[in-house]
Amino acid sequence: MTLATVIAVVGPSGVGKDSVMEALAARGDGLQLVRRVITRPAGEDGEVFARATEAEFDAGLAAGDFLLNWDAHGMRYGIPAVIHDQRRQARGLLVNLSRSVLVDAQELFGDFVVVSLTASPEVLAARLDTRARESVEDRQRRLDRARLKLPEGLRRVIEVDNSGALDQTVQTILSRLQCESA
Ligand SMILES: Nc1ncnc2c1ncn2[C@@H]1O[C@H](COP(=O)(O)OP(=O)(O)O)[C@@H](O)[C@H]1O
Ligand SMILES: O=P(O)(O)OC[C@H]1O[C@H](OP(=O)(O)OP(=O)(O)O)[C@H](O)[C@@H]1O
């Protein structure tokens, strides 16, 4: 049985990860979104995700519900183990991961590619302002984290500048993914 390639979309806050993933999934050619579990406060929305309380997240961890988990921005994030089933149905799974878990993810998924999105600090700041999801302090903390580098040891990385139009980014990713699998 063929398992879907897992496509991790990573990059600094505001670079456009969720926008790019949604645009790729909306094309209807077999790329599906992974729904993360997040202890995000009520009122802060964005991507489609499953909201958990701290206690629910702890219970999920104890029950082995997560393949990967990490902390960032004062929240906890989990990738549900049920994506093993989703991998049997899709051509590719799009997942928004922390740069800190990429090496573990590569080991776990095997068929794994990283799409690393970039944009200048000015573009990031402007995008976070447009999105207007976080408080001023959280916005600054996100911008400070933008310098984080990709870890060593990743086998397949596609770096794409998302400073320009979203459509252009999507086309570039699709053609680079096609080259990868050819
Ligand atoms: N290529 C683009 N051009 C213009 N605006 C964009 C582009 N990509 C994303 N955005 C906007 O930037 C903001 C942050 O995007 P988002 O997808 O939430 O980023 P991330 O998930 O990386 O934090 C949103 O308001 C989104 O609509
Ligand atoms: O370790 P890093 O690579 O810096 O990533 C830290 C976190 O930031 C993003 O979260 P989220 O999507 O909630 O925030 P964002 O939309 O502001 O990027 C990403 O999905 C990680 O969960």
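Residues numbered from 1 in each chain as written. Chains lettered and ligands numbered in written order. Predicted model: local features only at pLDDT ≥ 70, side-chain atom pairs only at ≥ 80, totals over all residues. Heavy atoms only, no water.

- The name recorded for the protein chain in an unreviewed UniProt entry is Ribose 1,5-bisphosphate phosphokinase PhnN, from Falsiruegeria mediterranea M17.
- Per its UniProt entry, the protein chain bears the Pathway (unreviewed entry) comment "Metabolic intermediate biosynthesis; 5-phospho-alpha-D-ribose 1-diphosphate biosynthesis; 5-phospho-alpha-D-ribose 1-diphosphate from D-ribose 5-phosphate (route II): step 3/3."
- Recorded in UniProt under Function (unreviewed entry), the annotation for the protein chain is "Catalyzes the phosphorylation of ribose 1,5-bisphosphate to 5-phospho-D-ribosyl alpha-1-diphosphate (PRPP)." (UniProt positions renumbered as here; feature names shortened; annotations may be inferred.)

**Examining the site of ligand 1**
Argument step 1. Taken together, 14 residues surround ligand 1, and among them G14, K17, S19, R131 and G164 come closest.
Argument step 2. One nitrogen or oxygen atom from the main chain of G14 is found 2.8 Å from an oxygen atom belonging to ligand 1.
Argument step 3. Here a nitrogen atom of ligand 1 and a side-chain polar atom of N162 are 3.0 Å apart.
Argument step 4. Protein burial of ligand 1: of its 570 Å² of free accessible surface, 76% is covered by the chains.
Argument step 5. A molecule is said to occupy a pocket when more than half its atoms come within 2 Å of that pocket's grid points, and by this definition ligand 1 occupies the largest pocket.
Argument step 6. Those elements that place two or more of their residues in the shell around ligand 1 are α1 (17–26) and α5 (121–131).
Argument step 7. Its residues placed into classes, the shell around ligand 1 shows four nonpolar, six polar and four charged. (Near = heavy atom within 4 Å. Polar contact = N/O pair within 3.5 Å; in protein donor to acceptor, adjacent residues only side chain to side chain. Areas by Shrake-Rupley, 256 points an atom, 1.4 Å probe, with all protein chains shown as cover. 1 Å grid on protein atoms, 1.4 Å probe; cavity = no way out; pocket = protein on both sides within 12 Å on 5 of 7 lines; lining within 4 Å. Sits in = over half its atoms within 2 Å of the grid points. Helix = DSSP H or I, 4+ residues; strand = E, 2+ residues; numbered from the N terminus. Nonpolar A, V, L, I, M, F, W, Y, C, P; charged D, E, K, R; others polar.)

**Description of the site of ligand 2**
Argument step 1. Taken together, 16 residues lie around ligand 2, and S13, Y77, N96, S98 and R99 are the ones closest in.
Argument step 2. In this structure, an oxygen atom belonging to ligand 2 sits 2.7 Å away from a side-chain N or O atom of R40.
Argument step 3. The side chain of H73 places a nitrogen or oxygen atom 2.9 Å from an oxygen atom of ligand 2.
Argument step 4. Here ligand 2 loses 98% of its free accessible area of 500 Å² to cover by the protein chains.
Argument step 5. In this structure, ligand 2 is accommodated by the largest pocket.
Argument step 6. For the shell around ligand 2, a count of residues per class yields four nonpolar, four polar and eight charged.

**What about empty space enclosed by the protein?**
Argument step 1. The full count for this structure, using the stated rule, is one cavity of 30 Å³ or more.
Argument step 2. What the largest cavity holds in volume is close to 90 Å³.
Argument step 3. Contributing to the lining of the largest cavity are D18, M21, E22, L33, V34, R36, E47, V48 and N96.
Argument step 4. Examining the composition of the lining of the largest cavity, we find that three residues originate from one element, α1, more than from any other. (Points joined across faces, edges and corners; volume = space filled by probe spheres on them.)

**Notes on the sheet that holds strand β4 (residues 50–51)**
Argument step 1. An order of β4-β3-β6-β5 is seen for the four strands of this open sheet, with the pairing classed as mixed. Each end of this open sheet is capped by a strand with a single partner; those strands are β4 and β5 (66–72).
Argument step 2. Sheet topology note: the β5/strand β6 (residues 75–80) ladder contains six bridges and is antiparallel. Across the sheet, residue L68 finds its bridge partner in β6, namely I79. (Pairing = 2+ DSSP bridges.)

**Remarks on the layout of surface pockets**
Argument step 1. By volume, the largest pocket is sized at about 600 Å³.
Argument step 2. If you trace the largest pocket, you find 31 residues lining it, with S13, G14, K17, D18 and R131 closest to the centre.
Argument step 3. Breaking the lining of the largest pocket down by element, the ones donating at least two residues are α1, β5 and α5.
Argument step 4. Among the elements that make up the lining of the largest pocket, the one with the highest residue count is α1 (four residues).
Argument step 5. Taken together, the residues of the lining of the largest pocket sort by class into seven nonpolar, twelve polar and twelve charged.
Argument step 6. Its boundaries defined by the atoms lining it, the second largest pocket holds a volume of some 290 Å³.
Argument step 7. Around the second largest pocket sit T5, I7, D29, L31, R91, G92, R156, L174, L177, Q178, E180 and S181, which together line it.
Argument step 8. The set of elements that each furnish at least two residues to the lining of the second largest pocket consists of β1 (5–10) and α7 (166–181).
Argument step 9. Among the elements that take part in the lining of the second largest pocket, α7 stands out by supplying five residues, more than any other.
Argument step 10. Each residue belonging to the lining of the second largest pocket can be placed in one class, and the counts come to four nonpolar, four polar and four charged.

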